[in-house]
Amino acid sequence: MNTPYPPDFLWGASTAAHQVEGNNVNSDWWVFEHQPGVPIAEPSGDACDSYHRYREDIALLAQLGLNAYRFSIEWARIEPAPGEFSRASIDHYRRMCETCAEFSIQPLITFQHISLPAWVGEHGGWLWDETPERFANYVRVVAEALQNHLIYVVTINEPDLTANVGYRFGTFPGAHVGEGPGEVAAAKATEMLRRAHRLSRQAIRDAAPQAKVGLSLAMQEWGVQPGYESTLAEIQRQWEGDFFSITKGDDFVGVQAYTRIVAGPVSEQLPEGFAELIPLFNMYSPGTRRTVMGYEFRPQAIGAAIRRASEQTGLPIVVTENGVPTDDDRERVEYLDGALASLHDCLTDGLDVRGYFHWSLLDNFEWHQGYRMHFGLVEVDHTTFARKPKPSAMHYGQFVRDIGTSPAKVVIP
Ligand code: BGC
């Protein structure tokens, strides 16, 4: 089959520790979830029990015909108290990497995906002056232990969303310490995230010189209704502002996109539960097809985000997340087909895209929305933890097998 995909293209699915592992009791999110009155549908609890069932998850990826797995390492488990490192937890993640190698699955590891240790959260998370150095120190300890397993590495997941939504609107726990959420908190978090990325990138390069290091950005396709160009420019400034430049000196950029934001008049009432994003999701024209999260159903958004990231950073790209929340798996198949078509067009146009990771492998804990949102290729019974691949998983696997992608080149150091 004639395809534009390089033979070592990474075809995978993504998860994040707090959303799938279960009982992440030393994290700031666990504490947040148990505070009275927080707008979180339910606590994360056992999640998908992937802390114990990771082998099954990795085997599933291989059975589907995929060759890569993006997962995150949980700082709260590695360093449950300041300066106290858990060797057993580091070994756990080393075993995950070894299991990936056994199944010819290439790991793409993220060092921080939204949650932080509770003791960092108590100081305001990304508002604390010491967080960047302490984060880089944790990264150094883990990178020295995992070494050759580090191939593509994301230091921080979506620092742009963390600052712009988490700390501006107060949806992340750390934002509630000190003066509280707002512009000042968003600016401070941005500064800390930038420093943390730079320091941790160096720590990874020192320990694992072969690793390709980057971060992942929460991107969108942008649209504008006539006359609203300055609104669009303002939204873009706020969202993208300092975040493309943060990637300078990186080896790649992780692109994550789910939807399109269209600058225009406020025209529709927002679906309940998305108050923090009101200005963005309230501007669609009446009748726009929306997902259950309130944003537009827009499969081709990923292609637009790839093009923008490439033009703004000049770096190779890995799609580290892309997917759709839906209870109707036929919609996921439709979304996948549209997204993969736009990815194909990017490669045909010569853009340097190295991989595509669907969000998510499993139906998991969707932060404020709890378990109500279904992003997974695989259904999880949250009482027995049984995994059941959905037709969309088979569909995606068949697409990848038809391309004839290579099994990942993986090492056990
Ligand atoms: C985050 C994930 C989240 C996904 C779907 C991304 O912003 O990195 O943790 O589950 O979007 O909402």
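Attention in this report is confined to the structure presented alongside it. (Residues numbered from 1 in each chain as written. Predicted model: local features only at pLDDT ≥ 70, side-chain atom pairs only at ≥ 80, totals over all residues. Heavy atoms only, no water.)

Turning next to unusual backbone geometry. Note that the residue after Trp359, namely Ser360, is joined by a cis bond; omega there is 10°. Among the secondary structure elements, Ser360 is positioned in the loop between β8 (353–359) and β9 (378–380). Residue Ser104 is not a glycine yet carries a positive backbone phi of 55°. The residue Ser104 is located in the loop between α5 (87–102) and β3 (106–112) in this model. With a phi angle near 70°, Phe385 is a residue other than glycine that sits in the positive phi range. Turning to its location among the elements, Phe385 is positioned in the loop between β9 and β10 (387–389). Judged by its relative accessible area of 10%, Phe385 is buried. (Helix = DSSP H or I, 4+ residues; strand = E, 2+ residues; numbered from the N terminus. Buried < 20%, exposed > 50% of the residue type's maximum accessible area, 1.4 Å probe, protein only.)

Extensive coverage of strand β6 (residues 253–263) is indicated by the burial of ten of its eleven residues. In the sheet, strand β5 (residues 212–224) pairs with β6 via eight bridges, with the strands oriented parallel. Bridge pairing in β6 places Ser216 opposite Gly254. As defined by bridge partners, β6 adjoins strand β7 (residues 317–321) across four bridges and the pair is classed as parallel. The partner of Val255 across the bridge, within β7, is Val319. (Pairing = 2+ DSSP bridges.)

Here Ser50 shows up in helix α3 (residues 50–64). Beyond its immediate stretch of four places on either side in the chain, Ser50 contacts Val20, Glu21, Asp57, Leu362 and Arg387. (Contact = heavy atoms within 4.5 Å.)

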